[in-house]
Amino acid sequence: YWDWIDAKRCEPCTNELMGGPGEFVQGIQRISPASPFRNFSEYCSPPRRPTMGNCFACHTTRTNFPPLNRHWDANLFPSTEDLRFVMNKTRYYVPEEREKQCDSFHKSFEGFCGLGNETKYLWMHNRVHNMVSGSLCCSATAANDPLFIAHHSQIDRIFQTWLLRHKATPSQLPWFNTKPGNCRKCNLAGLFPLITNQDLFRDSRHFGYVYDTYKFGKDQLDFRKPT
């Protein structure tokens, strides 16, 4: 995992790990030639092409995909206070939550709301995607970047910490009025054998793994117990 809480730069973005920054070619910043990820391709169509409307497509039969790239639009990583704000949310889902409210864990953790007025890059999970930009920016191409795995392992580590902090159970997941695939007993799209959201809303130990630490940021705070 990549603990980006309070980070000042991307520590794993070196040629020994996830690839350092390279040169700009035709408007995109490639990965360093010294990295084994230099010649990785996106393997998906860039999202929101003019002829595709809002389609986030992944056409694996297409040729000439762009190479893996990261633009690093900013270094405004989520802070300890951002994490504290998210961890203090006791309810995973708030059905009456309005657009400008920020009452639920899932909405603040995903990064659709949060502390402060910085809205360009959004918050938490979304902020890291949007700051790195390039291939990591968007649904169709993000998973082609190995940094995606390190980022989402951190997301899983935060989720596990929140589960332990609030002793949350699948009963917090909504039954109705959700986007497709997000209800309690909805099957996750694209996964076989079929598995539902409530099947995964569990302590990681149920799946046979733990993290080496549940401390975050420059102060290495442990949020598993309410303070």
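Please refer to the structure higher up on the page.
These numbers were taken from a predicted model, which means no experiment stands behind them.

Draft legend 1. Layout of a nonpolar patch on the surface. There is a patch of nonpolar side chains on the surface, built from Leu200, Phe207 and Tyr209 and spanning about 240 Å² of accessible area. We classify Tyr209 as partly exposed; its relative accessible area is 32%.

Draft legend 2. Quick peek at the nonpolar core. Among the nonpolar cores identified, the biggest contains 33 residues, and Trp2, Trp4, Leu83, Leu147, Ile158 and Trp162 are the most heavily contacted of them. When contributions to this core are tallied by element, the ones reaching two or more residues are α1 (80-87), α2 (105-110), α3 (124-132) and α4 (147-166). Looking at this core element by element, the count peaks at seven residues for α4. When sequence neighbours within four positions are dropped, the list of residues in contact with Trp4 reads Phe77, Pro78, Met124, Val128, His151, Gln154, Ile155 and Ile158.

Draft legend 3. Local environment of unusual backbone geometry. Here Trp72, not a glycine, exhibits a phi torsion of approximately 50 degrees, which is positive. Along the chain, Trp72 turns up in the loop between β2 (28-31) and α1. Phi at Leu122 is positive, roughly 65 degrees, even though this residue is not glycine. Along the polypeptide, Leu122 turns up in the loop between α2 and α3.

Each value, and the rule that gives it
- Residues numbered from 1 in each chain as written.
- Predicted model: local features only at pLDDT ≥ 70, side-chain atom pairs only at ≥ 80, totals over all residues.
- Heavy atoms only, no water.
- Patch = residues over 30% accessible without salt bridge, like charges linked within 9 Å, V, L, I, M, F, W, Y side chains within 5 Å.
- Areas by Shrake-Rupley, 256 points an atom, 1.4 Å probe, with all protein chains shown as cover.
- Salt bridge = Lys/Arg side-chain N within 4 Å of Asp/Glu carboxyl O.
- Buried < 20%, exposed > 50% of the residue type's maximum accessible area, 1.4 Å probe, protein only.
- Core = buried A, V, L, I, M, F, W, Y, C linked by side-chain atoms within 4.5 Å.
- Helix = DSSP H or I, 4+ residues; strand = E, 2+ residues; numbered from the N terminus.
- Contact = heavy atoms within 4.5 Å.

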